[in-house]
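Topology and contacts: notes
Residues per chain, in single letters:
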Amino acid sequence: MTILASSCSPSPTSQVRAMERAHNLHQLDKELSFYTDDARFEAKDGSTVQGKDGLRKIFTVDVLFNNSLAFSDISIVGNSVFCTVEEKNDMWRALGVEKVYERCEIVFKNGLIQEVRATKSAQSESAAELDKADQAFSAWADKNRPEEVAKLLGGKPFEGWLTPENALGFLKLAREWKKLKRIQ
């Protein structure tokens, strides 16, 4: 009976594909259903988010930015899925970067995603391009819109993650910066 039950369980690859579909359709609750309650997400810069409440915040920002993911080069080792992720969103487009590639390890526990670790991929020139654009945008915003930046950050230093409360404000500033860059 155990063999039959385990053979009917979705494979890690099909779970990743289903989570990818939910993400791209902006089905936040469905996407979160693929994660354990204490899931951990580590971005390529080392910043982390722990638990579904933290994931909900970054996934809400993804929805606000019209984020999309495309997984490729998928392989499974033990309880981990390794893949390349092509990621696109409106914020990065406003910064002049169409897409970013990352390598990703997705660790499963009891059929759910326990941990996601993103690292730079072999195609990391897109990540370097994004870092350069982000630095230029941040310098412009700090110099030309300091009051607005302070308001968006609520008087706190930037901690590596945009929030649902400030994401659209930063997107608006990034679009203004892009427009001004075209004029110059």
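In this report, the structure presented in the accompanying data block is examined.

About the criteria used
Residues numbered from 1 in each chain as written. Predicted model: local features only at pLDDT ≥ 70, side-chain atom pairs only at ≥ 80, totals over all residues. Heavy atoms only, no water. Pairing = 2+ DSSP bridges. Helix = DSSP H or I, 4+ residues; strand = E, 2+ residues; numbered from the N terminus. Axes fitted to C-alpha atoms, helices over the stretch in contact; angles between N-to-C directions. Contact = heavy atoms within 4.5 Å. Expected span 1.5 Å × (residues − 1). Buried < 20%, exposed > 50% of the residue type's maximum accessible area, 1.4 Å probe, protein only. Polar contact = N/O pair within 3.5 Å; in protein donor to acceptor, adjacent residues only side chain to side chain. Core = buried A, V, L, I, M, F, W, Y, C linked by side-chain atoms within 4.5 Å.

Here the focus is the sheet that holds strand β2 (residues 48-50). Within a sheet, neighbouring strands are paired by backbone hydrogen bonds and run either parallel or antiparallel to one another. Taking strand neighbours across the sheet as the criterion, the 6 strands line up as β2-β1-β6-β5-β4-β3 in an open arrangement whose pairing is mixed. If you trace the sheet from one side to the other, it starts and ends with β2 and β3 (68-77), each paired once. Looking at each pair of strands side by side, their axes are set apart by 20 degrees on average, direction ignored. The sheet contact formed by strand β1 (residues 35-42) and strand β6 (residues 112-120) spans 4 bridges and is parallel. Residue E42 lies in a different strand from β6, and its bridge partner there is R117. In this fold helix α4 (residues 51-64) packs onto β1 and β2, with an angle of close to 55 degrees to the strand it touches most, β1.

Given a rise of 1.5 Å per residue, 13 residues ought to cover 18 Å, and the 18 Å separating the end C-alpha atoms of helix α2 (residues 12-24) matches this to within 8%. One or two residues past the end of α2 sits H26, with phi positive at roughly 60 degrees.

Within the fold, T36 resides in strand β1. Accessibility expressed as a relative area gives 9% for T36, which makes it buried. There is a polar contact of 3.2 Å between the side chain of T36 and the backbone nitrogen of A39. Of note is the side chain of T36, whose polar atom sits 3.3 Å from the side chain of Q114. When sequence neighbours within four positions are dropped, the list of residues in contact with T36 reads K52, K109, L112, I113 and Q114.

Before going further, it helps to spend a moment on the nonpolar core. Core analysis: the biggest nonpolar cluster contains 25 residues, and Y35, L55, F71, I106 and I113 have the highest contact counts within it. Only α2, α3 (28-32), β1, α4, β3, β4 (80-88), β5 (100-109) and β6 provide two or more residues apiece to this core. The element contributing the most residues to this core is α2, with 4 residues. With near-sequence residues (within four places) excluded, Y35 lies in contact with M19, K52, L55, F59, L112, I113 and V116. Listed in part, the 23 residues of the second largest apolar core include V97, A127, L130 and L171.

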